[in-house]
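Coordinate analysis (summary)
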Amino acid sequence: MLDVRLPGANGLDFQRELADAGFRIPIIFITGHGDIPMTVKAMKSGAVEFLTKPFRHQDLLDAIHQALDRDRVMLQQESDLPSCDTATGC
C-alpha cells in the first residue's frame, strides 16, 4: 500500500522507481489527496486500486484480495516460463 504523498517523496514516483528496478508487486494506493489524473496514472502504471479517504473497510479488503490474486497469477506465470541457462543458449 502506498499513499500519493509520502514524506519527502511522491507515491506515484515511487511506484515508477519500483517498476524501473524490476519489482513487480501489486500496489494499492490510499490517499486523501487524489484526483482523476493521479488515479489514471497509477492505474495505467499497474496499481491494483486507488482508494480515496474515507473508504469502506470492505473496499480495502477487496483490493487486498485482488492484489494477492494478481500476485499469485504473476508468480505462477513466471514459474511456467522455461528457465534459461548456458547449456540451452538462452
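Source: prediction; values computed, not measured.

What about helix α3 (residues 57-80)?
An ideal rise of 1.5 Å per residue puts 34 Å on 24 residues; α3 measures up with 35 Å between its terminal C-alpha atoms. Residues of α3 that are buried: L60, A63, A67 and M74. Along its buried surface, α3 packs onto β3 (28-31) and β4 (49-52).

Regarding the side chain of T31
Checked against the element boundaries, T31 lands in strand β3. Within the structure, T31 has its side chain in polar contact with the side chain of D3 (distance 3.0 Å).

Concerning the pattern of salt bridges
When their charged atoms lie close together, side chains carrying opposite charge are able to pair. Scanning the model with the defined rule gives four salt bridges in all. One salt bridge in this structure joins D13 and R16, with 3.2 Å as the shortest N-O distance. Remark: R16 and D13 occur in helix α1 (residues 11-20); sequence separation between them is three residues, near one turn of the helix. In this structure D13 comes out as partly exposed when scored by relative accessible area, which is 28%.

A closer look at unusual backbone geometry
With an omega of -5°, the peptide bond between K53 and P54 qualifies as cis. Along the chain, P54 falls in the loop between β4 and α3.

Rules of the game
Residues numbered from 1 in each chain as written. Predicted model: local features only at pLDDT ≥ 70, side-chain atom pairs only at ≥ 80, totals over all residues. Heavy atoms only, no water. Helix = DSSP H or I, 4+ residues; strand = E, 2+ residues; numbered from the N terminus. Expected span 1.5 Å × (residues − 1). Buried < 20%, exposed > 50% of the residue type's maximum accessible area, 1.4 Å probe, protein only. Contact = heavy atoms within 4.5 Å. Polar contact = N/O pair within 3.5 Å; in protein donor to acceptor, adjacent residues only side chain to side chain. Salt bridge = Lys/Arg side-chain N within 4 Å of Asp/Glu carboxyl O.

What is shown is where atoms sit, not what they do.
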